[in-house]
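Listed below are the residues making up each chain.
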Amino acid sequence: MKKLHLIILLVVLLSSCPLPASAKQADKESEAKHERMALYKKTAAATGLPWYYLAAIDQYEHNLPAASKSEAEKLIAITIPEEKWFGITEHKKAAANESTISWFQGLGRDGNGDSLADPDNPEDVLFTIASFIQRTGTTKNDIKIALWNYYERDLTVQTIMNTAKLYEQFGTIELDKRSFPLPLHHNYSYRNTWGDARGFGGRRIHEGTDIFANYGVPVYATTYGVVELKGWNLYGGWRIGLRDSNNIYHYYAHLNGFEKGVSVGNVVKPGDVIGYVGASGYGPPGTSGKFPPHLHYGMYKDNGRSEFSFDPYPYLRIWEQKSKQQKKEG
Ligand SMILES: [Zn+2]
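Residues numbered from 1 in each chain as written. Predicted model: local features only at pLDDT ≥ 70, side-chain atom pairs only at ≥ 80, totals over all residues.

Draft legend 1. Spatial organisation of the overall build of the chain. A count of helices and strands for the chain gives 10 helices and 10 strands. Out of the 330 residues in the chain, the part that is buried amounts to 35%. (Helix = DSSP H or I, 4+ residues; strand = E, 2+ residues; numbered from the N terminus. Buried ≥ 20, exposed ≤ 12 C-beta atoms within 10 Å, placed from the backbone.)

So this is what it looks like as structure tokens:
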């Protein structure tokens, strides 16, 4: 009996020991992702709409700036505006009967079987958005059209479709692994120059980090993502852009060339070679050698209305550290 008490005491002590904040946070996030996944799959089974579209829509909205803390903590982030949910009515906005809502041409549906369509209930929200999409159809193109009708924004539709592609291909929503953009065994150097003034092309700031390396050093995808853009640009030279599942655009410029077979719409994962370091740009297609070879790496976040550049330097440092660790651990 005494022994049992000791064990209980020990268990209580151990479980109340706080984990380092980051590990605890990661655990909480991973748990939330499992819960979210279960809801996507349940709604997919009920409606026939593949889970990865529901997951991609929800992920897109998770990455929009939250209006409030309570909104930020919601399991399902999809927020259907009241006038869309309830339709054209002056009635009090509260959980309501499906048939009343549809009388007023609202979208709100009951997904959890309590006969109320509640815009604050995650199952009702997922079921509602799935039902809305299915009204248009279930082919890829139908889904794209339904998303456009709902969001009325090209970049939003593209990001959701690309995220769905990632989720479908990898079979998971946990795509958090990242890689440093260059192989660690090559010589390279970089420092924080984000926001510095630029000479070429009028008044603009440096929207990225320059990583200096030799011509032809392979350039890696840093993230799971979909190739959104590839080609020549006056400033960037041969450049390529990836969109990840956090509504972040990763921009690689001044390349010598691209990896064979990499084209717009392709799915990549961290560590995939996508191009090679060069010194292209600052002129018409093919211009090269106007500055020392380097990779210009930029990151842009889409907030649902516009995209803005943010400093990639701290992320590069973290990815470099992690890549070094992984190499050590084999
Ligand atoms: Zn640069």
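Draft legend 2. Structural detail: the domain arrangement of the chain. According to the domain assignment, the chain consists of domain 1 (31-170) and domain 2 (188-329). The straight-line distance from the C-alpha centre of domain 1 to that of domain 2 is 34 Å. With 14 residues of domain 1 at the contact, the number on the domain 2 side is 10 residues. Here the residues of the side of domain 1 that touches domain 2 are counted per class, giving 6 nonpolar, 7 polar and 1 charged. (Domains from an automatic or database assignment. Contact = placed C-beta atoms within 7 Å. Nonpolar A, V, L, I, M, F, W, Y, C, P; charged D, E, K, R; others polar.)

Draft legend 3. Seen up close, the UniProt feature "domain: M23ase beta-sheet core" (unreviewed entry) in the chain. UniProt's entry tags residues 205-303 with the feature "domain: M23ase beta-sheet core" (unreviewed entry), counted in the numbering of this structure. The span residues 205-303 carries 0% helix and 52% strand; its end-to-end C-alpha distance comes to 21 Å. (UniProt positions renumbered as here; feature names shortened; annotations may be inferred.)

Draft legend 4. Region of interest: the environment of Tyr190. Take Tyr190: it is sitting in strand β1 (residues 188-190). In the structure, Tyr190 is positioned 144 residues away from Ala46 in sequence and 51 Å away in space, judged by C-alpha atoms. Setting aside residues up to four positions removed in sequence, Tyr190 forms contacts with Thr209, Asp210, Ile211, Phe212 and Leu316.

Draft legend 5. A look at the confidence of the model for the chain. The pLDDT averaged across the chain works out to 90; a share of 90% of its residues lies at or above 70. In this model, residues 6-20 is a region of pLDDT below 50 whose contacts with residues beyond four sequence positions or in other chains number 2 contacts. (pLDDT = per-residue confidence, 0-100.)

Draft legend 6. Quick peek at the nonpolar core. One finds Leu54, Ala56 and Val219 to be the most contacted residues of the largest nonpolar core, which totals 60 residues. Among the domains, domain 1 (31-170) and domain 2 (188-329) are the pair contributing at least three residues each to this core. Those residues in contact with Leu54, other than ones at most four positions away along the chain, are Tyr40, Thr43, Ala44, Leu49, Leu126 and Ala130. Core analysis: the next-biggest nonpolar cluster, separate from the first, contains 6 residues, Trp85, Phe86, Leu107 and Ala117 among them. (Core = buried A, V, L, I, M, F, W, Y, C linked by C-beta atoms within 7 Å.)

Draft legend 7. Here's a closer look at the pairing of strand β5 (residues 237-243). Taking burial as the measure, the 7 residues of β5 include 7 buried ones, the bulk of the element. Inspection of the sheet shows strand β4 (residues 225-233) paired to β5 by 7 bridges, in the antiparallel sense. Its bridge partner being in β5, Gly231 is matched across the sheet by Arg239. The hairpin formed by β4 and β5 contains 3 residues between the paired strands. As paired strands, β5 and strand β6 (residues 248-258) are joined by 5 bridges and run antiparallel to one another. When the bridges of β6 are listed, Arg243 appears paired with Tyr249. (Pairing = 2+ DSSP bridges.)

Draft legend 8. Broad picture of unusual backbone geometry. Positive phi, normally seen in glycine, also occurs at Ser115, with a value near 60°. Note that Ser115 resides in the loop between α6 (98-103) and α7 (122-136). Even without being glycine, Glu152 reaches a positive phi, approximately 50°. Structurally, the position occupied by Glu152 is in the loop between α8 (140-151) and α9 (154-170).

Draft legend 9. Molecular detail of the packing of α8 against α9. Between α8 and α9, the least distance of the axes is 9 Å, while the angle of their chain directions is 135°. Taken as axis vectors, α8 and α9 run oblique relative to one another. Here α8 and α9 pass one another in a crossing that is right-handed. For the pair formed by α8 and α9, the contact residues are Lys144, Leu147, Trp148 and Tyr151 on the first element and Thr156, Val157, Ile160 and Met161 on the second. Of the residues contributing to the contact of α8 with α9, the split by class is 6 nonpolar, 1 polar and 1 charged. (Axes fitted to C-alpha atoms, helices over the stretch in contact; angles between N-to-C directions. Parallel < 35°, antiparallel > 145°, perpendicular 65-115°, else oblique. Left-handed = near helix turned anticlockwise from the far one by under 90°.)

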